[in-house]
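Below are the chains, spelled out letter by letter.
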Amino acid sequence: MRSNWFVIAFVISLAIQSSTSAQELKINGGFVQDSIKVGEDVIYYLTARYPRELNILFPDSTVTFFPFEYHTRRYFPTHTDQGISYDSVVFYLRTFETDSIQHLALPVYVIHPQDCTVVSASLDSIAIKALIRNLPDSVSLQDLPLKETVSYETISTTFNYIILTFVLGILLLITATVWTLFGKKIKRFYQIKRLQKNHIRFLEEFNTKLSALQIKPIPAVAESTATLWKKYLENLESRPYTKLTTKEIVALIQNEQVKASLHSIDRAIYGNHDVVARSFDGLINFAENEYRKRLEEVMNE
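(A) A look at the packing of helix α2 (residues 161-215) against helix α3 (residues 219-237). Where α2 contacts α3, the axes come no closer than 9 Å and their chain directions differ by 170°. Viewed along their axes, α2 and α3 adopt a mutual orientation that is roughly antiparallel. Contact residues: α2 offers L195, N198, H199, F202, E205, F206, K209, L210, A212 and L213, while α3 offers V221, A222, S224, T225, L228, W229, Y232, N235 and L236. A class-by-class count of the residues in the contact of α2 with α3 yields 12 nonpolar, five polar and two charged.

(B) Geometry of the pattern of salt bridges. Going through the model one piece at a time under the given rule, you end up with five salt bridges. Among the salt bridges present, the one from E237 reaches R239, with a minimum N-O distance of 3.9 Å.

(C) Highlighting α3. Taking 1.5 Å per residue as the helical rise, α3 with its 19 residues ought to reach 27 Å, and the 27 Å between its terminal C-alpha atoms agrees with that figure. Here α3 has its buried residues at P219, V221, A222, T225, A226, L228, W229, K230, Y232, L233, L236 and E237. Buried residues along α3 sit against α2, α4 (246-253), α5 (256-270) and α6 (281-299). Count one or two residues on from α3 and you reach S238, which has phi positive near 60°.

Calculation notes
- Residues numbered from 1 in each chain as written.
- Predicted model: local features only at pLDDT ≥ 70, side-chain atom pairs only at ≥ 80, totals over all residues.
- Heavy atoms only, no water.
- Axes fitted to C-alpha atoms, helices over the stretch in contact; angles between N-to-C directions.
- Helix = DSSP H or I, 4+ residues; strand = E, 2+ residues; numbered from the N terminus.
- Parallel < 35°, antiparallel > 145°, perpendicular 65-115°, else oblique.
- Contact = heavy atoms within 4.5 Å.
- Nonpolar A, V, L, I, M, F, W, Y, C, P; charged D, E, K, R; others polar.
- Salt bridge = Lys/Arg side-chain N within 4 Å of Asp/Glu carboxyl O.
- Expected span 1.5 Å × (residues − 1).
- Buried < 20%, exposed > 50% of the residue type's maximum accessible area, 1.4 Å probe, protein only.

Following this line, the structure appears as structure tokens:
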């Protein structure tokens with residue numbers, strides 16, 4: 001590779017030395033090597049000598065290099081002498097075509113206020129070295145002159161952030177559209193499901209405790225059952241039932257069945273009496289009514 005740089009520097013220096021005698025645009029381009037193998041880097045130089053008032057653009061990676069593939073490039077600083085500017089760039093290309101002779105001529109663009117002019121270098125050619133000569137039409141694999149290697153070859157990969165950004169943008173747009181059109185219905189659906197799930201769980205736990213009271217009617221079980229009812233209503237109505245006394249709850253909800261149930265339960269708890277399961281009928285009826293009212297409110301929102 002170092003010898004190639006000497007060749008490039010020599011070509012550029014020749015052009016610079018002769019630039020002072022040129023008074024018009026002149027494009028030179030060509031391969032540094034005479035021949036290469038398939039897949040090897042080939043160096044192609046492109047120079048422009050022009051009056052400094054012209055605006056010159058060199059090709060970039062978007063230009064078609066066929067039958068070669070673009071690998072990288074290197075620009076050299078503009079050199080100006082006596083009103084004549086000189087620009088140069090070196091392209092590193094590769095070819096995977098098997099034609100024995102391959103050609104290339106790269107353009108330079110002269111930018112004008114209204115349009116641009118394309119000026120191409122002369123067509124240059126390069127020979128492709130054949131590694132396998134006189135290959136018959138059919139040959140077995142073991143007879144091929146293949147070279148075995150087990151060395152690891154690192155292949156560079158580039159993550160396509162443009163596609164990722166585009167996909168994420170589409171997903172966000174779809175999500176925003178769906179939420180705008182169906183956001184209320186989706187929110188209502190999940191609220192209803194949560195209410196139903198909480199109510200079913202409450203009924204299961206409440207009935208389990210009532211069954212325990214029928215087997216063992218003690219104040220401790222009665223108290224935990226009443227606490228379960230308070231926690232359920234607290235979650236359903238967002239009121240601090242667990243922090244209120246029986247008197248405060250009765251004043252808050254003003255329901256005669258609840259009043260009778262709570263007083264009966266308090267007498268059993270604080271009077272150390274046996275508890276009757278039907279004392280909780282008023283509590284469960286009130287919880288059922290409040291659940292239905294809340295469910296209807298959510299469905300009509």
